[in-house]
Amino acid sequence: MGGSEQKFVNEAFATNWIAPLGPNVDGFENDIKHYLGGNDHVAVLSSGTASIHLALQLLNVSHGDEVLCQSFTFSASANPILYQGAKPIFIDSESDTWNMSPELLEIAIKDRIEKHKKPKAIIAVHLYGMPYKANEINAIAKKYEIPVIEDSAEAFGSSYFNQPCGTLSDFGILSFNGNKIITTSGGGALITKSKNLKDKAVFLSTQSRDNAPHYEHSSVGFNYRMSNVLAGIGRGQMEVLDDRVASRRQNFEFYKKNLSQYSQISFLEEPKNFFSNRWLTCIETSSYELREQIRLTLLEDNIESRPLWKPMHMQPIFKDSMHYTDGTSEKLFDKGLCLPSGSNLNENDLKRIVNIISKTPNL
Ligand SMILES: *Cc1c(COP(=O)(O)O)cnc(C)c1O
């Protein structure tokens, strides 16, 4: 926590706004809106997953529809497709950013259109905080008139050609889960291009109550709005977001500098005009065996590291889903490792981690 979260939470208690509405909800939305440049509209919700689900709702994705989704991601990017009874089709990554490959995306779209199944939406992800190639993805999306949902759950504070991640596409989503760069313990946000769409999202997230003195419902509702107590934590966290980004980027720079002598370890560089919050520092090693040796060497000293996300097209739950892949994400899953990346790591912690890594046999 940054320090002033408690003040906003106390205000919620003092004013008795213990509900999924109130001054902190409005204040947190305003803070996010301004951080993102002021042009977009923000609805704070109960989670990032709920935000993706509502984006699919707003796009009328329904039973039997197909949705293109980045394969190299966390399962929450894709699960809401199943909630809608729709079918995910997974797209592999390119190796410059580890995110959705524009080439494979276009191949998939052409192929699906040929089979008379035009996809209803594209879900692209700024994984580990690194922006995806938004210009290329957006150009393809525009050409075939398919809306894009930008999963920015891991990329709050990242930007692309100076434009904040979360605002690059038709819908953006953020997560404030406990593991993210800022947190409300659990929470998320949906970012839209119009006030009308934001209002619709808030309507859906508060049980779709029609305008009447009694409770009247003409569409299915959800209970997805953020609590005013948690929004208080969010307001405090907004004051330290840039500090958090700076700490995460320092982690990355430290690891890169102090592990650069090992030719078997490489780091994902930022392409020109891509700014990553470096949510997690990830390395790619020369082999699965070496990756495991590094992981187990750290574990012996009670330090957790973790393989990169297992691609969705390899997950048991999605075994029947179609995919357009070329081996890129499978290779990253095989050889990649997330290093300890907390914002509160100090130089001694980082030195200790690097020191232990350097003891890995065969490195
Ligand atoms: C965390 C995360 C989500 C889901 O956010 P929650 O707030 O945990 O529901 C979605 N996509 C990605 C890529 C994530 O890392």
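Residues numbered from 1 in each chain as written. Predicted model: local features only at pLDDT ≥ 70, side-chain atom pairs only at ≥ 80, totals over all residues. Heavy atoms only, no water.

### A few points about the sheet that holds strand S7 (residues 163-164)
Let me state the cut-off plainly: Note on pairing: two strands pair once DSSP finds at least 2 bridges between them. Put simply, DSSP H or I for four residues or longer makes a helix, DSSP E for two residues or longer makes a strand, and each gets a number counted from the N terminus.
One open sheet holds the 3 strands; their spatial order is S7-S6-S11, and the pairing between them is antiparallel. Of all the strands in the sheet, the pair left with one neighbour each is S7 and strand S11 (274-275). Where strand S6 (residues 159-160) and S7 come together, 2 bridges link them in antiparallel fashion. Counterpart to Tyr-160 in the pairing with S7 is Gln-163.

### Some points on the side chain of His-126
Where we set the bar: Partly exposed describes any residue whose relative accessible area lies between the buried limit of under 20% and the exposed limit of over 50%, with all areas from a 1.4 Å probe on protein chains only and scaled to the type maximum. Contacts are assigned to residue pairs that have any heavy atoms within 4.5 Å of one another.
Of note, His-126 is situated in the loop between strand S4 (121-125) and helix H6 (134-143). Using a relative accessible area of 0% as the deciding quantity, one classes His-126 as buried. Setting aside anything within four residues of it in sequence, one finds His-126 in contact with Asn-99, Pro-131, Tyr-132, Glu-150, Asp-151, Ser-152, Glu-154, Ala-155, Cys-165, Gly-166 and Leu-168.

### Regarding the domain arrangement of the chain
Quick reminder of the rule: An automatic or database domain assignment supplies the residue ranges for each domain. Computed with a 1.4 Å rolling probe, the buried area is the accessible surface lost when two parts are put together, summed over both parts. Between Lys or Arg on one side and Asp or Glu on the other, a salt bridge is scored when a side-chain nitrogen of the former is within 4 Å of a carboxyl oxygen of the latter.
Each assigned domain of the chain is listed with its residue range as follows: domain 1 (5-238) and domain 2 (241-358). On a C-alpha basis, the centroid separation for the pair domain 1 and domain 2 is 25 Å. Here domain 1 meets domain 2 over a buried area of about 3,800 Å², counting both sides, of which 66% is carbon and sulfur. One can count 0 salt bridges joining domain 1 with domain 2.

### A look at the site of the ligand
Here is the rule: Residues are labelled near a given molecule or strand when at least one of their non-hydrogen atoms is within 4 Å of it. Within 3.5 Å is the distance limit for a polar contact, defined as a pair of N or O atoms, with the added protein rule that one can donate a hydrogen and the other accept it, and that residues adjacent in sequence qualify only through two side-chain atoms. Accessible surface area values rest on a Shrake-Rupley calculation with a 1.4 Å probe, where residue burial reflects the displayed protein chains alone. When residues are grouped by polarity, Ala, Val, Leu, Ile, Met, Phe, Trp, Tyr, Cys and Pro land in nonpolar, Asp, Glu, Lys and Arg in charged, and all others, Gly among them, in polar.
Neighbouring the ligand are 15 residues; Thr-49, Asp-151, Glu-154, Ser-175 and Lys-180 lie closest to it. The separation between an oxygen atom of the ligand and a polar main-chain atom of Gly-48 is 2.7 Å. A distance of 2.5 Å separates an oxygen atom of the ligand from a polar atom in the side chain of Thr-49. Relative to its free-state accessible area of 380 Å², the ligand is covered by the protein chains to the extent of 94%. For the shell around the ligand, the class distribution of residues is 4 nonpolar, 8 polar and 3 charged.

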